Amino acid sequence: MRIKNDSFLIMRASQIKYLAVLLAAFVLCGTSMGLTHKVKESETFYAISKKYKVSLDSLMAHNGYKDARKLQVGKTLKIPSKSVKVAARVATAKPVAKSMRVILDAGHGGKDSGAVWGGVRESDLNLKVARLVEASLKSRGYRVTMIRRSDATVSLERRAQIANQHSNAIYVSIHFNADRNTGVRGVETFYVGNRGSYLAKSIQGGLSSSLKTRNRGYQYRSYSVLRNTACPAVLVECGFISNSYERSRCKTHAYQSAASRAIVSGIERYDRTY
Ligand SMILES: [Zn+2]
C-alpha cells in the first residue's frame, strides 16, 4: 500500500485502523532495525525522499550513493531515522470526521427501569453499553448524540423528538431483553423502514457471533420509538436478563464491551455499504 497524505485524508475508519496498526509495526521496526524501502519500477531517489519526508542528500548519503542515476529497481534503501517520527505522527493522527451522526438511545432510565431480574436493572445495562458505544464511535470520528447519560427519565416522544432534530443520522436504541420463559436467550434487532432493515442486518450480523449466544435474527417491529423517528432506526436487544446464565454474562464488562464492539462494527459496516 502506498501512503500519501492526501489519499490518507479520504480513507475510511477501518482502513485507518489497519493503517495505524501497520504504521505502528513500521515504527517498531524502524526503532529496532531501521526503516527500509525496496525500490520499485520507475521510482527515483527524489520520489522516495519525498515519500519519507527526508532530504534527497541525506537519503543518498545514508545509502552511500553519489550518483542518483545509479539507483536500481529492487534495491533496498535504508531510510534516515527522521522519517520514523513522520510515520509515528501519521499513526497517531486524529480520525477523519464522519458526516453521519449516531443518535444513541440507552433504553428506559429513571422511573422506568425496564426489565428487572435477579437484582439487575435493564436500564443500567443499557446505559453502560451505550456509553461504551459512544466512546468507540467518537474515537472513529462519528458525531454522537446521547438521549441520556445518566439514570434520567426520558419519554418516548422526547426521544424521537431529539432524534428528529438531526439530519444525516441513524438512531440506535440499546436494550436488554426479558421473557417469562426463562429458558429463552440470545440477541435480536428490530427495525422500521428499508434503511432501518439494512442497519439492523449490519448490526445483527456480528452480534451473536461476538457474544457467543443465539442469533434470533432481525425483524420489523413497529415500536413507537422507532416509528416516530425520521432517520433509519433500530432497537438492539443485547441479551436476556431473565435467563440466569445469560444474565450472569450480561452483567460483566467483558460482555458489555463485546456487545458495544459488535454494535460499532455494524454501524461502520452500514456506513460503508449503504
Ligand atoms: Zn427494554
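Residues numbered from 1 in each chain as written. Predicted model: local features only at pLDDT ≥ 70, side-chain atom pairs only at ≥ 80, totals over all residues. Heavy atoms only, no water.

Undergrad: Go over the overall build of the protein, please, and point to the residues and values.
TA: Broken down by element type, the protein carries 11 helices and 10 strands. For the protein, contacts bridging at least 24 residues in sequence account for 75% of all contacts bridging at least 6. Split by element, the accessible area of the protein, about 14,200 Å² in all, is 53% carbon and sulfur. (Helix = DSSP H or I, 4+ residues; strand = E, 2+ residues; numbered from the N terminus. Contact = heavy atoms within 4.5 Å. Areas by Shrake-Rupley, 256 points an atom, 1.4 Å probe, with all protein chains shown as cover.)

Undergrad: Would you mind going over the packing of helix H8 (residues 194–211) against helix H11 (residues 253–273) in detail, with residue names and values included?
TA: Contact geometry for H8 and H11: axes closest at 8 Å, N-to-C directions at 145°. Here H8 runs over H11; the crossing is right-handed. Mapping the contact onto sequence places Arg195, Tyr198, Leu199, Ser202, Ile203, Gly206, Leu207, Ser210 and Leu211 in H8 and Tyr255, Ala258, Ala259, Ala262, Ile263, Gly266, Ile267, Arg269 and Tyr270 in H11. The class makeup of the residues in the contact of H8 with H11 is 12 nonpolar, 4 polar and 2 charged. (Axes fitted to C-alpha atoms, helices over the stretch in contact; angles between N-to-C directions. Left-handed = near helix turned anticlockwise from the far one by under 90°. Nonpolar A, V, L, I, M, F, W, Y, C, P; charged D, E, K, R; others polar.)

Undergrad: So, helix H6 (residues 122–139): which residues are in play, and what are the values?
TA: Compared with an ideal rise of 1.5 Å per residue, which puts 18 residues at 26 Å, H6 spans 26 Å between its outermost C-alpha atoms and is within 8% of the ideal. Where H6 is concerned, the buried positions are Glu122, Ser123, Leu125, Asn126, Leu127, Val129, Ala130, Val133, Glu134, Ser136 and Leu137. Contacts made by the buried residues of H6 are with strand S3 (101–106), strand S5 (120–121), strand S6 (143–146), strand S7 (169–177), helix H10 (244–250) and H11. Immediately beyond the C-terminal end of H6, within one or two residues, lies Gly141, with a positive phi of roughly 90°. (Expected span 1.5 Å × (residues − 1). Buried < 20%, exposed > 50% of the residue type's maximum accessible area, 1.4 Å probe, protein only.)

Undergrad: I'd like a rundown of the nonpolar core, residues and numbers included.
TA: Val102, Leu104, Leu137, Val172, Ile174, Ile263 and Ile267 are the most contacted members of the largest nonpolar core, which has 39 residues in total. Those elements that place two or more of their residues in this core are S3, H6, S6, S7, strand S8 (187–192), H8, strand S10 (233–240) and H11. It is H11 that provides the largest number of residues to this core, a total of 8 residues. Membership of the second largest hydrophobic core comes to 14 residues, among which are Ile162, Phe190, Val225 and Cys231. (Core = buried A, V, L, I, M, F, W, Y, C linked by side-chain atoms within 4.5 Å.)

Undergrad: Lay out the sheet that holds S3 in plain terms, naming residues and giving numbers.
TA: The 6 strands lie next to each other as S6-S3-S7-S10-S8-S9, forming an open sheet whose pairing is mixed. In this open sheet, the two edge strands, each paired with only one partner strand, are S6 and strand S9 (215–220). Averaged over neighbouring strand pairs, the angle between their axes works out to 20° when direction is ignored. Strand direction decides the pairing type here: S7 and S10, joined by 6 bridges, are parallel. Residue pairing in the sheet places Val172 in a bridge with Val234 of S10. In this fold H11 packs onto S3, S7, S8 and S10, with an angle of close to 150° to the strand it touches most, S7. (Pairing = 2+ DSSP bridges.)

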